[in-house]
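Fold and geometry: a report
Here is what each chain is made of, one letter per residue.
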Protein chains: 2
Amino acid sequence: MSTNSQPPAPRARRAPSPDSPVGRIPVVDVQPVSEAGRFPAKSTVGEVFPVRATVFREGHDAYSAEAVLVRPDGTEASRTRMHEVGIGLDHYEALVRADATGAWTFRVESWSDPWATWVHDAGIKIPAGIDVDLMCLEGAAVLERAAAQRGVDPPDRSARAVLREGARALTDDGSSRTTAAVPATAPPTVVWLSAADRFAALMSGPVPQVMRRYPLRDRRTLSPDYPLRVERPLALAGAWYEMFPRSAGAHVDPATGQWVSGTLRTAADELPRIAAMGFDVVYLTPVHPIGTTFRKGRNNTLEAKPGDPGSPYAIGSPDGGHDAVEPSLGTFDDFDAFVARARELGMEVALDLALQCSPDHPWVAAHPQWFAHRADGSIAYAENPPKKYQDIYPLYFDADPKGLRCEIRRVIDVWIEHGVTAFRVDNPHTKPLPFWQRLLADLHHDHPDVLFLSEAFTRPAMMLTLAKCGFHQSYTYFAWRNTKPEVEEYLATVGSDQAAWMRPSFWPTTHDILTPYMQHGGVGAFAVRAVLAAMGSPTWGIYSGYELVENVPRPGYEEQVDNEKYEYKPRDWSEGDQYGIALLLGRLNEIRRAHPALRQLRNVRVHSTDNDAMVCFSRHLAPEHSSTGLRDVVVAVVNLDPFHTQEGWVHLDLAALGLPTDRGLTVVDELTGESHEWWCDNYVRLAPESSCAHIMTVSAP
Amino acid sequence: MSTNSQPPAPRARRAPSPDSPVGRIPVVDVQPVSEAGRFPAKSTVGEVFPVRATVFREGHDAYSAEAVLVRPDGTEASRTRMHEVGIGLDHYEALVRADATGAWTFRVESWSDPWATWVHDAGIKIPAGIDVDLMCLEGAAVLERAAAQRGVDPPDRSARAVLREGARALTDDGSSRTTAAVPATAPPTVVWLSAADRFAALMSGPVPQVMRRYPLRDRRTLSPDYPLRVERPLALAGAWYEMFPRSAGAHVDPATGQWVSGTLRTAADELPRIAAMGFDVVYLTPVHPIGTTFRKGRNNTLEAKPGDPGSPYAIGSPDGGHDAVEPSLGTFDDFDAFVARARELGMEVALDLALQCSPDHPWVAAHPQWFAHRADGSIAYAENPPKKYQDIYPLYFDADPKGLRCEIRRVIDVWIEHGVTAFRVDNPHTKPLPFWQRLLADLHHDHPDVLFLSEAFTRPAMMLTLAKCGFHQSYTYFAWRNTKPEVEEYLATVGSDQAAWMRPSFWPTTHDILTPYMQHGGVGAFAVRAVLAAMGSPTWGIYSGYELVENVPRPGYEEQVDNEKYEYKPRDWSEGDQYGIALLLGRLNEIRRAHPALRQLRNVRVHSTDNDAMVCFSRHLAPEHSSTGLRDVVVAVVNLDPFHTQEGWVHLDLAALGLPTDRGLTVVDELTGESHEWWCDNYVRLAPESSCAHIMTVSAP
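Residue indices begin from 1 for each chain and proceed along its sequence in written order. Naming scheme: in the order in which they are written, chains are lettered from A and ligands are numbered from 1. Local features in a predicted model are, by the rule used here, given only for residues with pLDDT of at least 70; side-chain atom pairs are given and counted only at 80 or more, and totals for whole chains, interfaces and linings are based on all residues. The side-chain quantities take in all heavy atoms of the structure and omit both hydrogens and water.

1. Details of the overall build of chain A
The secondary structure listing takes helices from DSSP runs of H or I that are at least 4 residues long and strands from runs of E that are at least 2 residues long, numbered from the N terminus. If you tally the helices and strands in chain A, you get 16 helices and 32 strands. Dimensions along the principal axes, computed over C-alpha positions, put chain A at roughly 125 × 60 × 45 Å. The 701 residues of chain A split such that 58% are buried. Every residue pair with non-hydrogen atoms within 4.5 Å of one another is taken to be in contact. Counting contacts in chain A only where the partners sit at least 6 residues apart, residues at least 24 apart contribute 76% of the total. What sets the accessible areas is the Shrake-Rupley method with a 1.4 Å probe; for residues, cover comes only from the shown protein chains. When the accessible area of chain A is evaluated, it comes to approximately 27100 Å², of which 54% is carbon and sulfur surface. Under the convention used here, Asp and Glu are negative, Lys and Arg are positive, and both His and the chain ends fall outside the count. Here the site of a charge means NZ on Lys, CZ on Arg, CG on Asp, or CD on Glu. Averaging the locations of the 68 positively and 89 negatively charged side chains of chain A gives two centres separated by 6 Å. Accessible area is worked out with a 1.4 Å probe on protein chains only. A residue is then buried under 20% of its type maximum, exposed over 50%, and partly exposed in between.

Structure below.
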């Protein structure tokens, strides 16, 4: 039977093996777990995430379950009681968070709960007069066992006393006091308490709370320990700004009529403007020497004209490869100065990592085994038959995987030494998965703070598995999710199960992506998509020129005309004042900084509206999870129609946000500063462009 | 790069471990796998089941995947090419089956497919005149590599020749023949073949088929080996008949006016009748001595009257416990005779296993530690507060789990020695899961052919986990799924993912279950539910008396009045002739025997009808999986309305059944023997009762 003290926990197992025992109080389907822990679940410091499991037992006795987080050093960090979700299916959940980076583990523990069993049975039998004395005896025995547990004393000496007094009072009907020190001459002052009264007194006193804190865990059952990788907050939440450094400061020399490239020094002059908009990361497209063989001209033409700078993605020339700086941009000193200036302004620098070569790359001659060869002995250029990309040699990873990986690792280390703390990886889905898994594992070990953003616009399995193999963030399908059902479905998708591995980055445009919605939606579209990106994902990104509503496509393509990949594109930022987009970006980042709920991923909730062009969603943090100590609730209502005013009812699920449903709430529109009184149902009218959204916040206990 | 011969397979792993490599051509989410193989997937000999996985790779090159079944001795039994399902999601599937019982394993293998890559690229580039000679050279190289593989020769010497000739012809444009042995004086007979012609000739010749048979498997990647337990066919498919042996032959002695119990000998007289209806298994409720303390009377009354026989589920008396025969039923010799007679008639005998005791059970005195004790020292009887079941002592498994398990194992062995080959387990969900897991693992080891049917009418997680812990079959929610959407949804549920662990048994009624549909639906309801059970699940069961449409409930309960648990219930079977139900049961079992598709679980498909009271579903087997060598298709159309004729259109997905969609099909109604011509859309009219269904069969190549 049960012993007096809490039994030692069974030794935790790393992973379940075939035919391993089912466990006394079975715990199955623990989440987040992928392939039995083959791919560790991920979270960031302070990120709130659910641990889930199916927990059940035989018969009718009560049981409970806890989610346990274990630090990298093996010590227990937290133990959170799980509650049933999906009643009738035995699905349990707890919201937890880790408070430091590293290789954590988690598990689910279940146990028979004799206190809950007794409360249930006694609550039926004692009022019904069934087995009354026996039930009191059995309740007292449970309380005595709980009081005798290890752990209750010394941390909370009074808890032990509360339980013992509860046990005594439950079994004391007052009869023992009839012969006490009362003078025999005085009338007897017997206080008879019925069992029902004693039970009621016990349940309304401090005992239930103490039992919640120090439960009796009988037949304790442990799930395997599952891996949880905890990374720094920027892995989940941040605002990125993309720029081609050569465009900033590029100009035509009036003397020669020739273009003069912008440099890392002139690019650095942009940094205060970017920082003023509140961005956290400046991402530079490749800064390496550009090849000349088969160099592409403007608008992706097959032959470059004199003076065309070439695509920075055609990497490598006699000036060097991935470990060098394109001479027209400057030197490593200039790069260092750029990084230093960004840091002064509170920003980190991300660099493009495009693992492909121009035919002029030094690797081509030095390491022919790193390239695929065709039957005629020539090196295979990139192609997607019948298309040919003769300016690009893909790398071939299968002949010398270790040699190539070591060289790429060396290149990455060069840039880390020069202050790069994040890499935007170009087309990782065209390289073998085991390459990334090994490379990123090694990098994570040596440089746990360096982040990798996956640019894999491909099918779901590859995107998700790249994330599982170690990428910290992923570009997403966000740009192609524009209608109300698309937006609602996608917010739910990125915020649910896959969120334990794939952290989304929402970009309204990139230098290669200009969707029809953006081409045709005018300023309004740029405002709508900025709000959706900044509120819809804890990480979002803006490609330089967004402020200027650059929305003219190359005919027949979903990308900008005069793609910045193939030419210089200096910009006059004052032209953007007429649109207000730069102001909006800055305000959005300001709101994100002020509201910790917006720097979480898995707390998104869609609320219904009765207008098909109006989408509403919220993010919220309970007080116990919020860095402000207050409940943090942000509700975004967005008019998806870039041209027309839309109006309608918004139905908020206030109970799900932990807010009262029986009275009006004072909400503040963070875009206008205005206060409103909101209820469950609110009538909303939103104009296009700068008034396309409400971002309502509620601060409540 | 690739070697000339197929590389040896990497060593298969038993289960993925944390951070184990992702694999060159990633294979993830292999199914059927539960908890990384902790609970082996299940199938039966000849059962067709899907192996699924998500398989994908980097870049654009082609890849393929195979499902590999491995016999208990480690040899490869089959290797089946997987095909994509859910296009765009990289989900692959193959239908496979094992041909013997035992502890099999399965895995998924993926590989880079240079032949498919070349066919794709050449098919674009050669007609477009791009890299034509190079493409022919590369194609020839692929064919030469394939021809040089181990395994192609000697099993099929001609295949090697086909590939080599293909390689030669692909690169031979005829120019080499201009200077051949043709007399110089004769006019040159040059046959110039363009590359496009040679490619077309290659693809229309025998080479593609040979390459399909002997693919070049580059960068072969193996999933872990996952466990697969293969059991005998009766574990999946069979018809059960439940009886209380004491009722058959029970009678009132005219001399005394007292009831005389039926015996195992009189019960055996029923066997020819049951066998004639085509049942495979006769299931007997408990045959053990019945306690007298707190014995229940008729209709579950608290006090038995003199002569009341008591519930056979209150097991144990001074005459013995679970290892004894109730004296009024006879002796072990009588039991053996019953089993022998059943076997003569081609039936097996299943026995109830109800692990609970009357207060008079010998274990109570001999092994008090096998029962829970209350705080006052008394043994805890069964209760569900405020209800008490004082005639039953539940077993307590936590004090002496091994001792109790060994005794129960001994009891089971007694009955196995007396010819019992299946056990219907009463309320397994009230006993700890680890008890069942260990007990059933041991039994499976020693008696792999003995089956266990779980009677766990409880929540889904428990039902499924009991199946995963070793129960071969499970009672289900079938009795409570009566409307068209309920039936359709439930057929899909039991036939899909969970089918790898939980094999359903469909029972329209049991001695404890008489649903409102059966109470109020008259003869029609008994016909409808028999058809749904027999066609909807490969295992189904009938409780004795179904033939007589016994449908009167105990008032306020969903069970029969005068429950056979508490009294004798001899029956006059000739009274059933008026209903035709016995005939229907026999015909249903006959159809099931003739059609292997009906003895499969995972091949169910619902077809739409435009009448809410008419449900249509099919089962089919492709010729390569059918024991008849022909495609076997059975389509059931059932009128769920027990009182009225219903009519409407039935829309068959003929393509999904492998049938032609462009012409009429001759179908045979197995219930009437009539032939019809059916198309995709068919108008159906069904009367209630004996004409409540069509069971259409199609035999096609």
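2. A short note on the sheet that holds strand β6 (residues 83–85) of chain B
Residue and element names in this part refer to chain B. Criterion used throughout: strands pair if DSSP finds at least two bridges between them. Read from one edge of the open sheet, four strands run β1-β3-β7-β6, paired in antiparallel fashion. On the outer flanks of this sheet lie β1 (27–31) and β6, each paired with one strand and no other. Strand-to-strand twist of the sheet, defined as the mean angle between neighbouring strand axes without regard to direction, takes the value 35 degrees. Relative to strand β3 (residues 49–55), β1 is paired through three bridges, and the arrangement is antiparallel. Directly across from V27, in β3, lies its bridge partner V55. Note on method: axes are straight lines fitted to C-alpha atoms, helices fitted across the in-contact stretch only, with angles between N-to-C directions ranging 0 to 180 degrees.

3. Some remarks on the sheet that holds strand β28 (residues 646–651) of chain A
Residue and element names in this part refer to chain A. Ordered in space as β30-β29-β32-β27-β26-β25-β28-β31, the eight strands form an open sheet in which the pairing is antiparallel. If you trace the sheet from one side to the other, it starts and ends with β30 (675–678) and β31 (681–686), each paired once. Mean inter-strand twist for the sheet, computed between neighbouring axes without regard to direction, equals 35 degrees. Where strand β25 (residues 604–609) lies against strand β26 (residues 614–621), four bridges are found, and the strand directions are antiparallel. Bridge assignment links V604 to a residue of β26, and that residue is R619. Contacting β26, β27 (631–639) and β32 (693–700), helix α15 (residues 522–536) crosses the sheet at an angle of about 25 degrees to β26.

4. Concerning helix α8 (residues 332–344) of chain A
Residues and elements named next belong to chain A. Multiplying one less than the number of residues by 1.5 Å gives the expected span of a helix. In this model α8 runs 18 Å from its N-terminal to its C-terminal C-alpha over 13 residues, within 8% of the 18 Å that 1.5 Å per residue would give. Taken residue by residue, α8 has D334, F335, F338, V339 and A342 as its buried positions. For α8, the angular spread of buried residues about the axis comes to 140 degrees, placing them on one side. Within α8, the exposed residues directed more than 90 degrees away from the buried face are D333 and E344. Whenever a nitrogen or oxygen atom comes within 3.5 Å of another N or O atom, the pair is scored as a polar contact, on the condition that within protein one atom can donate a hydrogen and the other can accept it, and that pairs from neighbouring residues in sequence are kept only if both atoms are in side chains. Two or three places before D333, at the opening of α8, T331 has a side-chain oxygen 3.2 Å from that residue's backbone nitrogen. Among the residues trailing α8, G346 stands out with phi positive, at a value near 80 degrees. Note that the arc is computed from the directions linking the helix axis to the C-beta atoms.

5. Overview of the interface of chain A and chain B
For an interface, size is often stated in terms of accessible area lost upon the parts coming together. With 69 residues of chain A at the contact, the number on the chain B side is 69 residues. Buried area, as used here, totals the accessible surface that two parts lose on assembly, with accessibility defined by a 1.4 Å probe and the loss added over both. Both faces combined, the contact of chain A with chain B buries some 5700 Å², and carbon together with sulfur accounts for 58% of it. Basic side-chain nitrogens of Lys or Arg form a salt bridge, by our definition, when they fall within 4 Å of a carboxyl oxygen of Asp or Glu. At the junction of chain A and chain B, the tally comes to 14 salt bridges. In this structure, R459(B) engages E84(A) in a salt bridge whose closest nitrogen and oxygen atoms are separated by 3.9 Å.

6. Some thoughts on the packing of helix α3 (residues 157–171) of chain B against helix α4 (residues 195–204) of chain B
All names here are of chain B. Across the interface, α3 lies against α4 with an axial gap of 8 Å and an inter-helix angle of 165 degrees. With respect to α4, the axis of α3 lies roughly antiparallel. In this structure, α3 meets α4 at a crossing whose hand is right-handed. Within the contact between the two elements, α3 uses G166, A169, L170 and T171 and α4 uses R198, F199 and L202. Here the contact of α3 with α4 is composed, by residue class, of four nonpolar, two polar and one charged. Should an angle fall under 35 degrees it is taken as roughly parallel, and over 145 as roughly antiparallel, whereas 65 to 115 is taken as roughly perpendicular and any remaining angle as oblique. Two helices crossing with the near one rotated counterclockwise from the far one by less than a right angle form a left-handed crossing, whereas a clockwise rotation gives a right-handed crossing. In this classification, Asp, Glu, Lys and Arg are treated as charged, Ala, Val, Leu, Ile, Met, Phe, Trp, Tyr, Cys and Pro as nonpolar, and every other residue, Gly included, as polar.

7. Observations concerning the packing of helix α1 (residues 114–125) of chain A against helix α2 (residues 132–147) of chain A
When two helices pack together, their arrangement is given by the angle between their axes and by how far apart the axes lie. Residues and elements named next belong to chain A. It is at 10 Å that the axes of α1 and α2 come closest, and there the two elements cross at 160 degrees. If you check the angle between α1 and α2, you find them roughly antiparallel. The element α1 and its partner α2 pack so that their crossing is left-handed. On the side of α1, the interface is formed by P114, W115, W118, D121, A122 and K125, while α2 contributes M135, E138, G139, V142, L143 and R145. Its residues assigned to classes, the contact of α1 with α2 shows seven nonpolar, one polar and four charged.

8. Things to note about the packing of aromatic side chains
Here is the rule: rings of Phe, Tyr and Trp (six-membered ring for Trp) pair when centre to centre is within 6.5 Å. Planes less than 30 degrees apart are stacked, more than 60 are edge-to-face, and the remainder are tilted. Evaluated as defined, the whole model comprises 50 aromatic pairs over all chains. When the centroid spacing of 4.9 Å and the interplanar angle of 35 degrees are considered together, the rings of F332(B) and W415(B) count as tilted. Highlighted residues: F332(B) in helix α8 (residues 332–344) and W415(B) in helix α10 (residues 401–417), separated in sequence by 83 residues. On the basis of relative accessible area, F332(B) is assigned to the partly exposed category, the value being 23%. W415(B) sits in the buried class, given a relative accessible area of 2%. Pairwise contacts between aromatic rings join Y283(A), F457(A), Y475(A), W480(A) and W507(A) into one cluster.

9. A short note on the environment of D308(A)
Residues and elements named next belong to chain A. In this fold, D308 is placed in the loop between β14 (281–284) and α8. As for D308 and R343, which are separated by 35 residues in sequence, their C-alpha atoms are 32 Å apart. With near-sequence residues (within four places) excluded, D308 lies in contact with R295, G297 and R298.

10. Let's talk about the environment of E674(A)
All names here are of chain A. Note on placement: E674 falls in the loop between β29 (665–669) and β30. For E674, a relative accessible area of 45% translates into the label partly exposed. E674 sits 648 residues away from P26 along the chain, and the two C-alpha atoms are 53 Å apart. If we ignore the near neighbours within four places in the chain, the residues touching E674 are V667, V668 and D669.

11. Description of the confidence of the model for chain A
Residues and elements named next belong to chain A. Per-chain confidence: chain A averages 93 in pLDDT, with 94% of residues scoring 70 or above. Across the chain, each position has a pLDDT score giving the predictor's confidence in that residue, from 0 to 100. In the model, residues 1–16 has pLDDT below 50 throughout and makes 40 contacts with residues more than four positions away in sequence or in other chains. Taken over the whole predicted complex, pTM reads 0.94, whereas the ipTM for its chain interfaces reads 0.93.

12. Notes on unusual backbone geometry
A cis amide bond links P385(A) to the next residue, P386(A), at an omega of 5 degrees. Examined against the element boundaries, P386(A) turns out to sit in the loop between β17 (382–384) and β18 (387–389). The phi dihedral of E35(B) is positive, around 50 degrees, even though this residue is not glycine. Position of E35(B) relative to the elements: it lies in the loop between β1 and β2 (41–44).

13. Concerning the nonpolar core
What makes a nonpolar core is a set of buried Ala, Val, Leu, Ile, Met, Phe, Trp, Tyr and Cys residues whose side-chain atoms join them at distances within 4.5 Å. Counting 272 residues, the largest nonpolar core has F423(A), W540(A), F423(B) and W540(B) as its most contacted members. When near neighbours in sequence (up to four residues on either side) are disregarded, F423(B) contacts L351(B), L353(B), I412(B), W415(B), I416(B), V450(B), L451(B), F452(B) and L453(B).

14. A few points about the relation of the copies chain A and chain B
The operation relating chain A to chain B is a screw motion whose rotation component is 180 degrees, with 0.0 Å of axial translation and a residual RMSD of 0.1 Å. Both copies are brought into coincidence by an operation consistent with a two-fold rotation axis. Closest approach to the rotation axis within chain A is made by the C-alpha atom of A36(A), at a distance of 2.8 Å. Looking at the interface residues of chain A, 100% of them are also at the interface in chain B, so both copies use one shared face. The copies were overlaid by least squares, fitting only the C-alpha atoms of residues that reach a pLDDT of 70 or more in each copy.

15. Re helix α13 (residues 484–495) of chain B
The first and last C-alpha atoms of α13(B) sit 17 Å apart over 12 residues, in line with the 16 Å expected at 1.5 Å per residue. Residues of α13(B) that are buried sit in contact with β23 (504–506), α15 (522–536), β25 (604–609) and β26 (614–621) of chain B.

16. Topic: the pairing of strand β20 (residues 422–426) of chain B
Residue and element names in this part refer to chain B. Here β20 lies mainly inside the structure; five of its five residues are buried. Burial of β20 is two-sided: the residues A422, R424 and D426 facing one way and the residues F423 and V425 facing the other way are all buried. As paired elements, β20 and strand β21 (residues 451–455) share five bridges and run parallel to each other. Residue pairing across strands places D426 opposite E455, the latter belonging to β21. Handedness of a crossover: with both strands directed away from the viewer, a clockwise path from the first strand across the helix to the second marks it as right-handed. Between the parallel pair β20 and β21, the chain is carried across by helix α11 (residues 433–446), and the sense of this crossover is right-handed.

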